[in-house]
Amino acid sequence: MTKLKVLEVPHAILRQTAEPVEAVDQEIKQLLSDMLETMYATNGVGLAGNQVGVLKRVVVIDCQDEHENPDPIKLVNPQIIARSSECVCHNEGCLSVPREYADVERSAAVTVRYQDENGQVCERSATGLLAIAIQHELDHLDGKLFIDYLSPFKRQRLLKHLEKRRKKEARIAEDQERDLNE
Ligand code: NI
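Residues numbered from 1 in each chain as written. Predicted model: local features only at pLDDT ≥ 70, side-chain atom pairs only at ≥ 80, totals over all residues. Heavy atoms only, no water.

Considering the sheet that holds strand β3 (residues 73-83)
Point 1. Within the open sheet, the five strands sit side by side as β1-β2-β3-β6-β7. Their pairing is antiparallel. Each edge of the sheet is formed by a strand with only one pairing partner; in this case those strands are β1 (46-48) and β7 (121-127). Each neighbouring strand pair of the sheet contributes to a mean axis angle of 40 degrees, computed without reference to strand direction.
Point 2. Relative to strand β2 (residues 58-61), helix α1 (residues 26-41) is tilted by about 40 degrees, and along the sheet it contacts β1, β2 and β3. (Pairing = 2+ DSSP bridges. Helix = DSSP H or I, 4+ residues; strand = E, 2+ residues; numbered from the N terminus. Axes fitted to C-alpha atoms, helices over the stretch in contact; angles between N-to-C directions. Contact = heavy atoms within 4.5 Å.)

Next up, the structure:
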């Protein structure tokens with residue numbers, strides 16, 4: 001297995017639409033297992049193809065706390081076929097928008113149709129965190145991020161905060177390198 005590099009904003013691939021998977025073959029199986037390993041290694045609850053630079057409609061999710069009893073779900077060509085009119089608000093984050101969080105309103109329950117890693121067509125109904133994760137990850141496949149649900153003001157503020165923190169971290173890393181070289 002290979003740990004993949006997770007792309008972060010403002011990478012252009014995060015804004016592109018992923019293509020349907022034509023055949024669930026060995027390559028897709030390997031990709032799903034690499035994505036899962038990457039997700040666990042970065043403490044995420046979900047990861048979509050775009051986020052690892054692969055424009056294919058593949059998603060992995062595991063909403064188990066602490067990942068002590070892993071319950072991985074691998075979705076190929078997922079589509080939401082039903083959603084509740086009832087909404088819930090949840091404080092979301094994303095590996096591609098590191099360590100920034102914001103409240104987003106989404107459907108409380110969804111039913112997703114997808115192919116599993118063997119190409120079987122499956123349906124699954126979800127509520128709670130899983131329903132939110134499914135909607136968040138499927139958005140990625142259409143080039144959409146959770147920050148798109150915020151007002152322009154809130155979105156700009158969040159992205160500025162992220163940029164400021166990145167600069168600060170880069171400065172600290174530079175200082176440490178200089179100290180090591182002295
Ligand atoms: Ni995300």
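Text resumes after the structure shown.
Section: the domain arrangement of the protein chain
Point 1. The domains assigned to the protein chain are domain 1 (12-150) and domain 2 (151-182).
Point 2. Using C-alpha coordinates to define each centre, domain 1 is positioned 28 Å away from domain 2.
Point 3. Contact residues are listed per partner, giving ten residues for domain 1 and eleven residues for domain 2.
Point 4. Buried area between domain 1 and domain 2, summed over both chains or domains, comes out near 840 Å², and the portion from carbon and sulfur atoms is 56%.
Point 5. When residues of domain 1 are sorted by the area they lose upon contact with domain 2, R99, E100 and L150 head the list and together hold 62% of the total.
Point 6. Joining domain 1 to domain 2, the criterion identifies two salt bridges.
Point 7. R99 is the partner of E169 in a salt bridge, and the nearest nitrogen-oxygen pair spans 2.5 Å.
Point 8. Between domain 1 and domain 2 we count six residue pairs in polar contact (both at pLDDT 80 or more) in total. (Domains from an automatic or database assignment. Buried area = accessible area lost by both parts, 1.4 Å probe. Salt bridge = Lys/Arg side-chain N within 4 Å of Asp/Glu carboxyl O. Polar contact = N/O pair within 3.5 Å; in protein donor to acceptor, adjacent residues only side chain to side chain.)

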